[in-house]
Amino acid sequence: MSDPPTAAEPEPAQAAIAVGPDQPEQAGQAGPGRSRLRLTANVIIQAITQGSSTVITILAIFLALVVGGVLIVFSDPVVTHAWSQFFSAPGYALAQTWDSVSFAYSQMFEGAILNPSTVSAAFHGGSIAAIFYPLSSTAAQATPLILTGLSVAIAFRAGLFNIGASGQWVGGAIVATWLGFGVSLPPFIHVVVCLMGAFVGGAVLGWFVGVLKARTGAHEVIVTIMLNYVMYDLLSYLLSHPAMLQQPKQTNQIAPFIANDANLAHVGGPPPQVGIGFLIAVAAAFACAWLLSRSTTGFQFRTVGASPSAARSSGINVERSWVLVMLLAGGLAGLSAATVIQGTNTQLTFNSYGTYGFDGITVALLGRAKPLGAVLAGLLFGALHVGGTYAEGATLGQVPANIVQVLEGLIVLFVAAPALIRAVFRLRATSGTGMEAVAKGWNG
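A brief structural summary. (Residues numbered from 1 in each chain as written. Predicted model: local features only at pLDDT ≥ 70, side-chain atom pairs only at ≥ 80, totals over all residues. Heavy atoms only, no water.)

### Regarding the overall build of the protein chain
When you go through the protein chain residue by residue, the secondary structure sums to 18 helices and 0 strands. In the protein chain, 72% of the contacts between residues at least 6 apart in sequence involve partners at least 24 apart. (Helix = DSSP H or I, 4+ residues; strand = E, 2+ residues; numbered from the N terminus. Contact = heavy atoms within 4.5 Å.)

Here you go:
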């Protein structure tokens, strides 16, 4: 067979595989015989009326906020009482509704983005760093979500569905923790070694899944789900024995603190919520974007994801691509664990893995399996987490933090159902602009 084409000069038939109707993000890129799409008023209007992927996402978020507002109203006894007297005082009911919803969302905004009171205080001798506290908290919450989202997204681009980001996260956390407290190294080197160890810890699990897929045809969804439980039980075992990872003279499942030399530095000093881990996540997103769009390996990933049989016919080693992409996906999930263990938390517990792995799936879906989309989706979910917690405290529990999970679910639901969004907002139906490409399925 002939050598596979490079990303710079794909053959026409293979270009049609990688850039087809099921991958609309490529449509507007410059190429041979094709002019770059200019952003004009007509183009913007057409994108809105036809429901481009960006417009669908924005409208999905807006609709989710509307439905979330309805849920907030029903959870407020003052508003429900006002609506029970709607026919006698309709203005009062509407005013109470607006006050309840606007206050809840304004508190979420202040907790996650910007609090005007801190800005005002800064002009009267207050702390300037306090202005950036909400954004710092949002970025800290978003950091592991971005990396697990990238883990799921890059695997999807090769036609694989990585459900095992949670187990890979645990694998990276175990290695990073052991290197953090069990090895003595100079400060900078210690940080790098822990990061590399976390990447390797997750990459080994991803590599194992890829090898099983390539050599036996084992479905990656089943294998990764089962490996999640294996890693959970392994973590529980290691944290239950002092000779392993359990902290000495401790009965709980908790590991020793990692050394200070292994901690990730904070960006710009206080507030301490965001650290170098966020910059690592953004750098990883840029690296994934370059890999997928500018490298021969990324071209092969996308081609395999579009059609494994056609990729194999053109000389691409499909099995090798599966192994390599799962190795990278596992490494990114392991790197997510390092940003938590070496950043916001410096101690591994049985519950440290939380929902990072499964939240990464929603981040990847909302980001449409694109690196930049994963960054934006991760920041959105990070803002929702921080803002929801802040709003619950500001409203004395009247707005439960669980509303955030409802909003996340609604956003993903609406993004995954572009036909519903077009029906609600009366958009013209087009092909290949919504989540149809993501929903087409994965290789069996």
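### Thoughts on a nonpolar patch on the surface
The grouping of Phe109, Ile113, Leu114, Ile128, Phe132 and Leu135 at the surface amounts to a nonpolar patch, some 540 Å² of accessible area in total. Position of isoleucine 113 among the secondary structure elements: in the loop between α5 (90–112) and α6 (116–122). (Patch = residues over 30% accessible without salt bridge, like charges linked within 9 Å, V, L, I, M, F, W, Y side chains within 5 Å. Areas by Shrake-Rupley, 256 points an atom, 1.4 Å probe, with all protein chains shown as cover. Salt bridge = Lys/Arg side-chain N within 4 Å of Asp/Glu carboxyl O.)

### Re the pattern of salt bridges
Going through the model one piece at a time under the given rule, you end up with 2 salt bridges. Note that lysine 213 is salt-bridged to glutamate 220, the shortest N-O span being 3.2 Å. When sorted by exposure, lysine 213 lands in the same class as glutamate 220, which is buried. The residue arginine 312 makes a salt bridge to glutamate 319 at a minimum N-O spacing of 2.9 Å. Relative accessible area serves as the criterion here: at 34%, arginine 312 is assigned to the partly exposed category. (Buried < 20%, exposed > 50% of the residue type's maximum accessible area, 1.4 Å probe, protein only.)

### Observations concerning the side chain of asparagine 162
Considering the arrangement of structural elements, one finds asparagine 162 in the loop between α7 (133–157) and α8 (165–182). Within the structure, asparagine 162 has its side chain in polar contact with the side chain of serine 151 (distance 2.9 Å). What asparagine 162 contacts, discounting residues up to four positions off in sequence, is Ser151, Val152, Ala155, Gln168, Thr224, Met326 and Ala329. (Polar contact = N/O pair within 3.5 Å; in protein donor to acceptor, adjacent residues only side chain to side chain.)

### Considering the environment of leucine 324
Tracing the backbone through its elements, the reader meets leucine 324 in helix α14 (residues 318–344). Discounting chain neighbours no more than four positions away, the residues touching leucine 324 are Thr297 and Phe301.

### What to know about the nonpolar core
Formed by 89 residues in total, the largest nonpolar core has its most connected members in Leu150, Ile154 and Trp169. For this core, the element with the highest residue contribution is α14, accounting for 11 residues. With residues up to four places along the chain from it excluded, the contact list for isoleucine 154 reads Cys288, Leu291, Leu292, Val325, Leu328, Ala329 and Leu332. Within the second largest apolar cluster, 9 residues are counted, among which are Val152, Phe156, Val221 and Ala364. (Core = buried A, V, L, I, M, F, W, Y, C linked by side-chain atoms within 4.5 Å.)

### Focus: the packing of aromatic side chains
To describe a pair of aromatic rings, you give the distance between the ring centres and the angle between the ring planes. Counting across every chain of the model gives 7 aromatic pairs. Both rings, one in tryptophan 169 and one in tyrosine 356, keep their centres 5.5 Å apart while their planes meet at 25°; by these two values the pair is stacked. A residue pair is termed long-range when its members are at least 10 positions apart, and tryptophan 169 in helix α8 and tyrosine 356 in helix α15 (residues 356–366) qualify at 187 residues. Taken individually, tryptophan 169 and tyrosine 356 each receive the classification buried, so the pair is uniform in this respect. With a centroid separation of 6.1 Å and 80° between ring planes, the pair formed by tyrosine 229 and tyrosine 232 is classed as edge-to-face. One end of the pair, tyrosine 229, and the other, tyrosine 232, are both in helix α10 (residues 220–238), 3 residues apart, so they sit about a helical turn from each other. Take tyrosine 229: its relative accessible area is 51%, and that puts it in the exposed class. Look at tyrosine 232 and you get buried, because its relative accessible area is 13%. Grouped by ring-pair contacts, the aromatic residues Tyr229, Tyr232, Phe350 and Tyr353 constitute a single cluster. The residue whose ring lies beneath lysine 213 is tryptophan 322, and the NZ or CZ to ring-centre distance is 5.0 Å. (Phe/Tyr/Trp six-rings, centres within 6.5 Å; stacked < 30°, edge-to-face > 60°. Lys NZ or Arg CZ within 6 Å of the ring centre and 35° of its normal.)

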